[in-house]
Amino acid sequence: MPFRDECGVFGICRQTEASRQTYLGLYALQHRGQEAAGICSGDDQGLHLHKAQGYVADVFTEAVLDALPGDAAIGHTRYSTTGGNVASAAHPFLIHGRFGQVALCHNGNLTNTGELRDRLIAEGHTFTSPSDSEVLLALINRAQADTLEDAVVAALREAKGAYSLLILTDDALIAARDPHGFRPLAMGHMGETHAFSSETCAFDLVGASYDRDVVPGEMVVVSRKTGEIRSRFPLPKVQPKPCVFEHIYFARPDSLVYGQSVMVARREMGRRLALRHPVEADLIVPVPDSGVSAALGYSEQSGIPFDFGIIRNHYVGRTFIEPKQNIRSFGVKVKLNPVRHLLAGKRVVLVDDSIVRGTTSKKIVQMVREAGASEVHMRIACPPTTHSCFYGIDTPKRQHLIASYMPLAEITAFVEADTLGYLSLEDLEGCMGDDGTGFCYACFTGDYPVAPGG
């Protein structure tokens, strides 16, 4: 089982039901964060904010959406990176400052948050949360600039790391992406309406057409009054390094991310995995849900039948009450359950997107064996994860990543698989149509485009 999700952002401008459209957009992005959600809308009376911990459908009721009027809105569904899971760190953030009302939401993680926060506190600024996104708003409000747009540019020039931002003001909706383009941000439209989203699956739900991505280092300004779109590139140009884990795990298979189909990429990962690590077996079984597309590709390439030998309970919330009596591997069992008649007596290939600590993989292998499988072979649709991410993904500290301290044979023994095979970095690059320079592979290589400390 893989990394924890990051965050999703959605924004819309020149749409009479902006907050409801944003609600739908966030609903489509719920997989990117389940801890908190928020929407800030804007009308002639100003900006209106509602945010809380919980799922999108729980945070927003009809009455809440009625209290978010206007023709523009930005929204956020959150998994905590910087700031932890506390109510005060929910997005968007809204201030009444030098440039009027400004709301901001953010997908990513700044690497120089500590340095910026310390400086701002020394200058007299008071923070209401531990979030790095609030640091960005403080930089905007205190920038030596005559206009809000120039203040945003000044703030972005100080920020280091990963950010895909949506900013709502009395006059405009602003979208910006860091120079490396670590996190995705797509642009779309429906008629006179302009929309932005972390993934295109949200456009599909609201009926918007995908136009293009916000380019790494670009700032797009949409006038709420006229709909005019202006584009600026105010930051030094660097080699883009979008996160490859979007295609491995985070994004929904029905999305385009960085303009590429997630489903197509994952199936190709499975095909190459089958070529790299063939095995005689009776059944290909995905670890649901993130292993499904790669497992289909493995099955297509190998000719071994595919079936859903493990079923996932999609209705498990953020918390559940565990039985007082200790039940072995209960945390996995409440989410995953084997289909015994499919697995009994079979040589099974389990396909998953990644191995992080290894403990969950071990429990899944044990579950499949207990269901009667005669052999269990694990195939992982990415290279060994050996380094932590500092750009908006909640990865464990490096010493907790099993591939950082165990060789392949020891990991195989630990997870109790008969064999274990990872996709090679070369094969992953081939799946992405990359020569090795176009994506961030830091979690596999330790080659960080931006120093972890800023």
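Cut-offs and rules
Residues numbered from 1 in each chain as written. Predicted model: local features only at pLDDT ≥ 70, side-chain atom pairs only at ≥ 80, totals over all residues. Heavy atoms only, no water. Pairing = 2+ DSSP bridges. Helix = DSSP H or I, 4+ residues; strand = E, 2+ residues; numbered from the N terminus. Axes fitted to C-alpha atoms, helices over the stretch in contact; angles between N-to-C directions. Contact = heavy atoms within 4.5 Å. Buried < 20%, exposed > 50% of the residue type's maximum accessible area, 1.4 Å probe, protein only. Core = buried A, V, L, I, M, F, W, Y, C linked by side-chain atoms within 4.5 Å. Disulfide = S-S within 2.5 Å. pLDDT = per-residue confidence, 0-100. Phe/Tyr/Trp six-rings, centres within 6.5 Å; stacked < 30°, edge-to-face > 60°. Lys NZ or Arg CZ within 6 Å of the ring centre and 35° of its normal. Salt bridge = Lys/Arg side-chain N within 4 Å of Asp/Glu carboxyl O. Parallel < 35°, antiparallel > 145°, perpendicular 65-115°, else oblique. Left-handed = near helix turned anticlockwise from the far one by under 90°.

K.L.:
Which parts of the structure should I look at to understand the sheet that holds strand E16 (residues 283–286)?
P.N.:
Spatial strand order, E16-E19-E20-E21: 4 strands in an open sheet with parallel pairing. Looking at the sheet topology across the chains shown, the edges are occupied by E16 and strand E21 (419–422). Taken over all neighbouring pairs, the strand axes of this sheet differ in orientation by 20° on average, direction set aside. Note: strand E19 (residues 347–352) against strand E20 (residues 375–380), 6 bridges, orientation parallel. Bridged to Val348 within E20 is Val376. On top of the sheet, helix H10 (residues 292–302) reaches E16, E19 and E20; it is set at about 165° to E16, its chief contact.

K.L.:
In this structure, what is going on with the environment of Val348? I would like to understand it.
P.N.:
Within the secondary structure, Val348 is located in strand E19. Classification of Val348 by relative accessible area gives buried; the value is 0%. Put simply, Val348 and Pro240 are 108 residues apart on the chain and 39 Å apart in space, counted from C-alpha to C-alpha. When near neighbours in sequence (up to four residues on either side) are disregarded, Val348 contacts Leu283, Val285, Leu343, Val368, Ala373, Glu375, Val376 and His377.

K.L.:
Looking at this model, I keep getting lost on the nonpolar core. Mind explaining?
P.N.:
Proteins that are soluble and globular tend to have nonpolar side chains buried together. Core analysis: the biggest nonpolar cluster contains 70 residues, and Phe245, Ile248, Met269, Leu350, Leu428 and Phe444 have the highest contact counts within it. The element that contributes the greatest number of residues to this core is helix H9 (residues 262–276), accounting for 5 residues. Counting 32 residues, the second largest nonpolar core, distinct from the first, contains Leu120, Ile140, Ala143 and Ala155.

K.L.:
Help me understand the state of the cysteines in this model?
P.N.:
A covalent bond between the sulfur atoms of two cysteines is what we call a disulfide. Applying the stated criterion across every chain, the model contains 0 disulfides. No disulfide involves Cys7; its sulfur sits 9.6 Å from the nearest other cysteine sulfur, which is in Cys105. Among the cysteines around Cys243, which has no disulfide bond, Cys389 carries the closest sulfur, lying 5.9 Å off. Overall, the relative accessible area of 8% leaves Cys243 in the buried class.

K.L.:
Can you help me understand unusual backbone geometry in this one?
P.N.:
Only a minority of non-glycine residues have a phi that is not negative, and only a minority of peptide bonds are not trans. Following His91, the chain continues to Pro92 via a peptide bond in cis, the omega torsion being -10°. Summarising the element assignment, Pro92 is placed in the loop between strand E4 (72–78) and strand E5 (93–97). A positive phi angle, close to 55°, is found at Tyr258, a residue other than glycine. Mapping Tyr258 onto the fold places it in the loop between strand E14 (256–257) and strand E15 (260–261). Exposure remark for Tyr258: the relative accessible area of 14% places this residue in the buried category. Positive phi is not limited to glycine here, since Glu416 has a value of about 65°. Counting through the fold element by element, Glu416 comes out in the loop between helix H15 (408–415) and E21.

K.L.:
Quick question: what am I supposed to make of the confidence of the model for the protein chain here?
P.N.:
The share of residues in the protein chain with pLDDT of 70 or more is 94%, and the mean pLDDT across the chain is 93. Segment residues 1–5: pLDDT under 50, and 37 contacts once partners within four positions in sequence are set aside and those in other chains are kept.

K.L.:
What's the story with the packing of aromatic side chains in this structure? I'm lost.
P.N.:
Each aromatic ring pair is summarised here by two numbers: the centre-to-centre distance and the angle between the ring planes. With the rule as written, the count across this model stands at 11 aromatic pairs. Taking the centre distance of 6.3 Å and the plane angle of 75° together, the rings of Tyr23 and Phe60 count as edge-to-face. Here Tyr23 is found in helix H1 (residues 18–28), whereas its partner Phe60 is found in the loop between helix H2 (56–59) and helix H3 (62–66), with 37 residues between them in sequence. Exposure class is identical for Tyr23 and Phe60. Each is buried. On the basis of an interplanar angle of 55° and a centroid distance of 6.4 Å, the ring pair of Phe439 and Tyr441 is categorised as tilted. Both residues of the pair, Phe439 and Tyr441, belong to the buried class. The structure contains a cluster of three or more aromatic residues connected by ring pairs, namely Phe182, Phe390, Tyr391 and Tyr448. Over the aromatic face of Phe127 sits the side chain of Arg117, whose NZ or CZ is 4.5 Å from the ring centroid.

K.L.:
What should I look at first to understand the pattern of salt bridges in this one?
P.N.:
Between side chains of opposite charge, pairing is possible as soon as their charged atoms come close. Tallied over the full model, the rule gives 25 salt bridges. Put simply, Arg271 and Glu268 hold a salt bridge, and the shortest N to O gap is 3.3 Å. On the criterion of helical spacing, the pair formed by Arg271 and Glu268 is a turn pair, its members being 3 residues apart in helix H9. Its relative accessible area of 26% is what places Arg271 among the partly exposed residues. On the accessibility criterion, Glu268 (24% relative accessible area) is partly exposed. The partner of Arg312 in a salt bridge is Asp289, with the nearest N and O atoms 2.9 Å apart. Note that Arg312 is positioned in strand E17 (residues 310–312) and Asp289 in the loop between E16 and H10, a separation of 23 residues in sequence.

K.L.:
I would appreciate a short explanation of the sheet that holds strand E1 (residues 8–13) in the present structure.
P.N.:
Hydrogen bonding along the main chain pairs the strands of a sheet, whether they run parallel or antiparallel. Read from one edge of the open sheet, 7 strands run E3-E2-E4-E1-E10-E9-E11, paired in antiparallel fashion. Bordering the open sheet on either side are strand E3 (46–53) and strand E11 (209–213), each of which pairs with just one other strand. Here the strands of the sheet are splayed against their neighbours by 15° on average, with no regard to which way each runs. Relative to E11, strand E9 (residues 186–190) runs antiparallel, the two sharing 4 bridges. Each bridged residue has a counterpart across the sheet, and for Ala186 the counterpart in E11 is Asp213.

K.L.:
It is not clear to me how the packing of helix H4 (residues 113–122) against helix H5 (residues 132–142) should be interpreted in this structure. Could you clarify?
P.N.:
Helices that pack against each other are described as a pair by the angle of their axes relative to one another and the distance between those axes. Axis separation between H4 and H5 bottoms out at 10 Å; the angle between their running directions is 50°. Here H4 lies oblique to H5, going by the angle between them. Read as a crossing pair, H4 and H5 show a hand that is left-handed. Taking contact as the criterion, the partners of Thr113, Leu116, Arg117, Arg119 and Leu120 in H4 are, on H5, Asp132, Val135, Ala138, Leu139 and Arg142.

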